[in-house]
Amino acid sequence: MDIAKLAVLGSGSMGTAILAGLIKAGLDPARVCVTTKTQNSADALAARFGVEAIALETNPQANIVAASGASVILAAVKPAYLLPTLQQVSTALDPEALVISVAAGITTASMEGELPASVGVVRAMPNTPAIIGQALTGLAAGSRTTQPQLATAEQLFETVGKVVVLPENLIDELGTISGSGPAYVFFLIEEFVRTAQEMGFDAQTADLLVRQTFLGAVNLLEASSKTPQELRAQVTSPNGTTMRAIAVLEDSALHRIFNTATKAALARSKEIAAGLS
């Protein structure tokens with residue numbers, strides 16, 4: 001990947017996952033500078049990846065130092081800190097730099113307002129499977145982002161999974177599906193494990209039953225050319241036990257529940273964009 005210098009501002013789980021993917025894909029660690037809160041964290045990142053890592057607790061100007069001269073700046077800070085961080089580093093940026101944000105709810109227009117007019121902006125919405133290289137990342141380009149810059153962002157996130165490029169008005173919606181989606185899956189697994197235990201299985205066996213069931217089903221879906229509906233039909237024999245269970249789920253208005261849940265997530269995303277706590 002042709003990145004002369006990469007600055008990663010923030011080293012939480014997402015920033016670290018993306019960094020790991022890039023290093024694994026062959027990005028020279030000598031071209032990377034990472035910022036983090038504590039010196040212990042900085043030392044750990046430097047030891048793990050061989051990158052330069054600067055702690056904010058020892059150098060309050062760490063973000064400025066990292067961003068200076070960087071061709072790509074990956075802003076992996078929390079949404080509340082994103083715009084102040086961009087404002088802080090704006091004067092240190094290369095005129096042709098690309099800023100990529102993974103913060104939920106903050107629009108490209110808001111980011112562009114804190115940056116020099118020549119700096120391109122891409123908004124990214126990855127999800128936590130980036131940690132194992134299985135992310136789904138949505139990308140939206142800002143008003144002044146060039147096609148080569150967008151291609152760079154695509155290549156960057158392809159190191160941790162699959163990428164879709166969307167108009168920005170769909171990025172928040174994507175966040176309610178793929179961004180929050182892993183939590184929905186884990187919540188379903190939690191509930192299914194609890195049900196298995198209530199049926200009499202011990203905790204360890206219940207966990208194994210449910211984990212392997214979900215894992216097998218997802219792998220079957222990945223390996224098959226059939227739709228989820230077709231695969232479900234294979235399991236759902238007419239007048240059988242699964243059909244009875246599916247009927248209960250349908251009667252519970254599961255579709256409406258998912259619609260309501262994703263709309264709630266979308267509303268919260270817009271609250272974040274509006275600066276509401």
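Calculation criteria
- Residues numbered from 1 in each chain as written.
- Predicted model: local features only at pLDDT ≥ 70, side-chain atom pairs only at ≥ 80, totals over all residues.
- Heavy atoms only, no water.
- Core = buried A, V, L, I, M, F, W, Y, C linked by side-chain atoms within 4.5 Å.
- Buried < 20%, exposed > 50% of the residue type's maximum accessible area, 1.4 Å probe, protein only.
- Helix = DSSP H or I, 4+ residues; strand = E, 2+ residues; numbered from the N terminus.
- Contact = heavy atoms within 4.5 Å.
- Expected span 1.5 Å × (residues − 1).
- Arc of directions from axis to C-beta.
- Pairing = 2+ DSSP bridges.
- Axes fitted to C-alpha atoms, helices over the stretch in contact; angles between N-to-C directions.
- Phe/Tyr/Trp six-rings, centres within 6.5 Å; stacked < 30°, edge-to-face > 60°.
- Salt bridge = Lys/Arg side-chain N within 4 Å of Asp/Glu carboxyl O.
- Parallel < 35°, antiparallel > 145°, perpendicular 65-115°, else oblique.
- Left-handed = near helix turned anticlockwise from the far one by under 90°.
- Nonpolar A, V, L, I, M, F, W, Y, C, P; charged D, E, K, R; others polar.

**Student:** Quick question: what am I supposed to make of the nonpolar core here?
**Tutor:** Note on soluble globular proteins: their nonpolar side chains tend to be buried together. Core analysis: the biggest nonpolar cluster contains 34 residues, and Leu6, Ile18, Val32, Ile100 and Phe157 have the highest contact counts within it. Per element, the largest residue contribution to this core is 6 residues, and it comes from helix 1 (residues 13-24). Setting aside residues no more than four positions away along its own chain, leucine 6 makes contact with Leu22, Leu27, Arg31, Val32, Cys33, Val72 and Leu74. In this structure, Leu86, Val89, Ala97 and Val119 belong to the second largest nonpolar core, which totals 23 residues.

**Student:** In this structure, what is going on with helix 6 (residues 147-158)? I would like to understand it.
**Tutor:** Here helix 6 is 12 residues long and its end C-alpha atoms lie 16 Å apart, about the 16 Å a rise of 1.5 Å per residue gives. Taken residue by residue, helix 6 has Gln149, Leu150, Thr152, Ala153, Leu156 and Phe157 as its buried positions. When helix 6 is viewed along its axis, its buried side chains cluster within an angular range of 155° and face the same direction. Looking at helix 6, the residues exposed on the side facing more than 90 degrees away from the buried face are Gln147 and Pro148. Close packing links the buried residues of helix 6 with helix 1, strand 4 (72-75), strand 5 (98-101), strand 6 (120-125), strand 7 (135-141) and strand 8 (161-165).

**Student:** Which parts of the structure should I look at to understand the sheet that holds strand 6?
**Tutor:** Pairing between the strands of a sheet comes from backbone hydrogen bonds, and it takes one of two forms, parallel or antiparallel. Strand order in this open sheet of 8 strands is 3-2-1-4-5-6-7-8, and the pairing throughout is mixed. Of all the strands in the sheet, just strand 3 (52-55) and strand 8 have a single pairing partner and so form its edges. Strand-to-strand twist in this sheet, taken as the mean axis angle between neighbours without regard to direction, amounts to 20°. Pairing of strand 1 (residues 6-9) with strand 4, which is carried by 4 bridges, proceeds in the parallel orientation.

**Student:** Whenever I open this one, the packing of aromatic side chains confuses me. Can you help?
**Tutor:** Each aromatic ring pair is specified by the distance between its two centres and by the angle formed by the two planes. If you walk through the whole model with that rule in mind, you get 1 aromatic pair. Here phenylalanine 192 and phenylalanine 214 contribute two aromatic rings whose centre-to-centre distance is 6.3 Å and whose plane-to-plane angle is 70°, an arrangement assigned as edge-to-face. With phenylalanine 192 in helix 8 (residues 181-198) and phenylalanine 214 in helix 9 (residues 203-223), the pair connects residues that are 22 residues apart, well separated along the chain. Here phenylalanine 192 falls in the partly exposed class, since its relative accessible area comes to 42%.

**Student:** Where do I start with the pattern of salt bridges in this structure?
**Tutor:** Any two side chains of opposite charge can pair, so long as their charged atoms come close to each other. All told, the structure shown has 5 salt bridges when counted by the stated rule. Aspartate 172 is paired through a salt bridge with arginine 123; the nearest N and O atoms lie 2.5 Å apart. Of this pair, aspartate 172 sits in helix 7 (residues 171-179) while arginine 123 is found in strand 6, placing the two residues 49 residues apart along the sequence. Residue arginine 123 is classed as buried on the basis of its relative accessible area, which comes to 1%. Connected via shared salt-bridge partners are Arg123, Glu168 and Asp172.

**Student:** Hey, could you run me through unusual backbone geometry in this one?
**Tutor:** Across residues other than glycine, the phi torsion is negative in most instances, and most of the peptide bonds are trans. Of note in the backbone geometry, asparagine 239 takes a positive phi value of approximately 60° without being a glycine. Note on placement: asparagine 239 falls in the loop between helix 10 (228-235) and helix 11 (241-251). For asparagine 239, a relative accessible area of 75% translates into the label exposed. Look at alanine 253: it is not a glycine, yet its phi comes out positive at around 60°. By the secondary structure assignment, alanine 253 is in the loop between helix 11 and helix 12 (254-273).

**Student:** Can you walk me through the environment of serine 178 in this structure?
**Tutor:** As for its position among the elements, serine 178 is in helix 7. In sequence terms serine 178 and threonine 137 are 41 residues apart; their C-alpha atoms lie 8.0 Å from each other.

**Student:** I tried to follow the packing of helix 1 against helix 2 (residues 39-49) on my own but got confused; where do I start?
**Tutor:** Think of two packed helices as two axes; the pair is described by the angle between the axes and how far apart they sit. Where helix 1 meets helix 2, the closest approach of the two axes is 11 Å, and the angle between their N-to-C directions is 20°. In this view, helix 1 runs roughly parallel relative to helix 2, as classed from their interaxial angle. Like other packed secondary-structure pairs, helix 1 and helix 2 cross with a definite hand, here right-handed. Facing Thr16, Leu19, Ala20 and Ile23 of helix 1, the residues of helix 2 in contact are Leu45, Arg48 and Phe49. Split by residue class, the contact of helix 1 with helix 2 holds 5 nonpolar, 1 polar and 1 charged.

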